[in-house]
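Descriptive structure summary
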Amino acid sequence: MTEVAGSQEPGRDLPLDSHLHTDLSPDSDVPIDVYAALAVERGIAELAITDHVDFDARDPAYDYATFEDRERSAREAAERWAPRGVLIRFGAELTFNRSWESELRAHLARHRYDFTIGSVHDWPDSPYVPWRVQTWSTGRPLAEALGPYIAEITAAAGSGLFDTIGHLDVVRRYLDGTFSAPEIFGAVELFEPALRALVDSGTALEVNSSGYRHPAREAYPGPPLVARYRELGGRAVTAGSDAHRTAHFAWALEAGYRVLAEAGFTTLTFRRGGDRSAVELPARLRVPGAVGGVA
Ligand SMILES: [Zn+2]
Ligand SMILES: [Zn+2]
């Protein structure tokens, strides 16, 4: 996947970036202190470190870093940086699939995180792995091409295992050689089972601004899905940059916040290990008439 060159407005004075990968993820090279220093510089008050946790031995983060190492890294950094005004929370991005749901559930029962993201990626037996996806999806109707992904993301959203579901429609990225961005953006109704599952389980919807780095230049998910989630009664939302590189810290995070504000949200829903709490969007981003979310 090529990443689009150029810059997107960096986040400034934003309260929270809740999706970040450090060098304890196999696909990131960023020491945790680099993010913390950038947060000081940019006035971003709070970070959730969400390194990958995979459950299939063929996936890259399987056994990459232990829970203990990840926890120590985040907790020690939290102590170092709190005096400088940056709060660091220990989270994880756990790859969901129904085939390893019981292992994932057992992992979460044994290990305490401040905040958890459940995500569906291109699991090894899926049609979406890079060498298979083009051949598999060519000639299929969009609903059929999205089907296996939507079945997994709907199960993740309904599982009640996670605080939020990451990049809900990232399947767009896997299928971008076969379907145009407008075709997939127009498929709001195909994602409706996942949105309803979020609402029913009380799980938050993440707006992931890494999509602005990719050719479609739109958040995962974009405005139509966020608006539909709200119409269906969804009130809990999060926002994260999903940075894996130093240059991507908080990249387009403000644009992600704006997607939420324009859909009528005034707060993010975050968890710091205990009960959920509300984090206010900056007043300057609020849309007149918007009403509060849930904590
Ligand atoms: Zn992810
Ligand atoms: Zn991620």
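This text goes with the structure placed above it.
Computed from a prediction, not measured in an experiment: that's the story for all the values here.

1. So, the coordination of the zinc ion (ligand 1)
Each protein donor to the zinc ion (ligand 1) is listed here as E93 (OE), H121 (NE2) and H167 (NE2); together their distances run 2.1 Å. The sequence pattern describing where the donors of the zinc ion (ligand 1) fall on their chain is E-x27-H-x45-H. A gap of 3.5 Å separates the zinc ion (ligand 1) and the zinc ion (ligand 2), which E93 links by coordinating each metal. Placement of the pair is E93 in strand β3 (residues 87-95) and H121 in the loop between β4 (115-119) and α4 (130-137), with a sequence separation of 28 residues. Assessed through its relative accessible area of 17%, H121 is described here as buried.

2. Re the environment of R230
Relative to the elements of secondary structure, R230 occurs in helix α9 (residues 223-231). Relative accessible area serves as the criterion here: at 12%, R230 is assigned to the buried category. For the pair R230 and A250, spaced 20 residues apart in the sequence, the C-alpha separation amounts to 24 Å.

3. Structural notes on the pattern of salt bridges
If you walk through the whole model with that rule in mind, you get 20 salt bridges. Residue D29 pairs with R245 through a salt bridge whose shortest N-O separation is 3.7 Å. Of this pair, D29 sits in the loop between β1 (16-20) and α1 (32-42) while R245 sits in the loop between β7 (237-240) and α10 (253-262), and the two are 216 residues apart along the sequence. Note that D125 is salt-bridged to R58, the shortest N-O span being 3.1 Å. In this pair, D125 is assigned in the loop between β4 and α4 and R58 in the loop between β2 (46-53) and α2 (67-81), connecting sequence segments 67 residues apart.

4. Side note on the pairing of β4
Along β4, 5 of the 5 residues are buried, which leaves the element largely enclosed by surrounding structure. Where β3 and β4 come together, 5 bridges link them in parallel fashion. Residue pairing in the sheet places G91 in a bridge with F115 of β4. Where the polypeptide runs from β3 across helix α3 (residues 101-110) and back to β4, its parallel neighbour, the crossover connection is right-handed. One ladder, built from 2 bridges, connects β4 with strand β5 (residues 164-165); its direction is parallel. In the sheet register, I117 faces β5, and the bridge partner there is T164.

5. What about the side chain of T238?
Following the sequence through the fold, T238 ends up in strand β7. Taking the relative accessible area as the measure of exposure, T238 reaches 2% and is therefore buried. Within the local environment of T238, its side chain forms a polar contact with the side chain of T164, the two groups lying 3.1 Å apart.

6. Looking at the packing of aromatic side chains
Between two aromatic rings, the relevant description is the distance of the centres plus the angle of the planes. On inspection of all chains with the given rule, the structure shows 11 aromatic pairs. With a centroid separation of 4.8 Å and an interplanar angle of 50°, the aromatic rings of F115 and F270 are classed as tilted. Placement of F115 in strand β4 and of F270 in strand β8 (residues 267-271) is noted, with a sequence separation of 155 residues between them. A residue is classified by how much of its surface remains accessible, and F115, at 1% relative accessible area, is buried. In this structure an aromatic cluster arises from ring pairing among W123, Y128, W136, Y149 and Y174.

Calculation rules
- Residues numbered from 1 in each chain as written.
- Chains lettered and ligands numbered in written order.
- Predicted model: local features only at pLDDT ≥ 70, side-chain atom pairs only at ≥ 80, totals over all residues.
- Heavy atoms only, no water.
- Donors = N, O, S within 2.8 Å, 3.2 Å for Na, K, Ca; no water.
- Helix = DSSP H or I, 4+ residues; strand = E, 2+ residues; numbered from the N terminus.
- Buried < 20%, exposed > 50% of the residue type's maximum accessible area, 1.4 Å probe, protein only.
- Salt bridge = Lys/Arg side-chain N within 4 Å of Asp/Glu carboxyl O.
- Pairing = 2+ DSSP bridges.
- Right-handed = clockwise from strand over helix to strand, strands pointing away.
- Polar contact = N/O pair within 3.5 Å; in protein donor to acceptor, adjacent residues only side chain to side chain.
- Phe/Tyr/Trp six-rings, centres within 6.5 Å; stacked < 30°, edge-to-face > 60°.

Taken by themselves, the reported measurements are silent on function.
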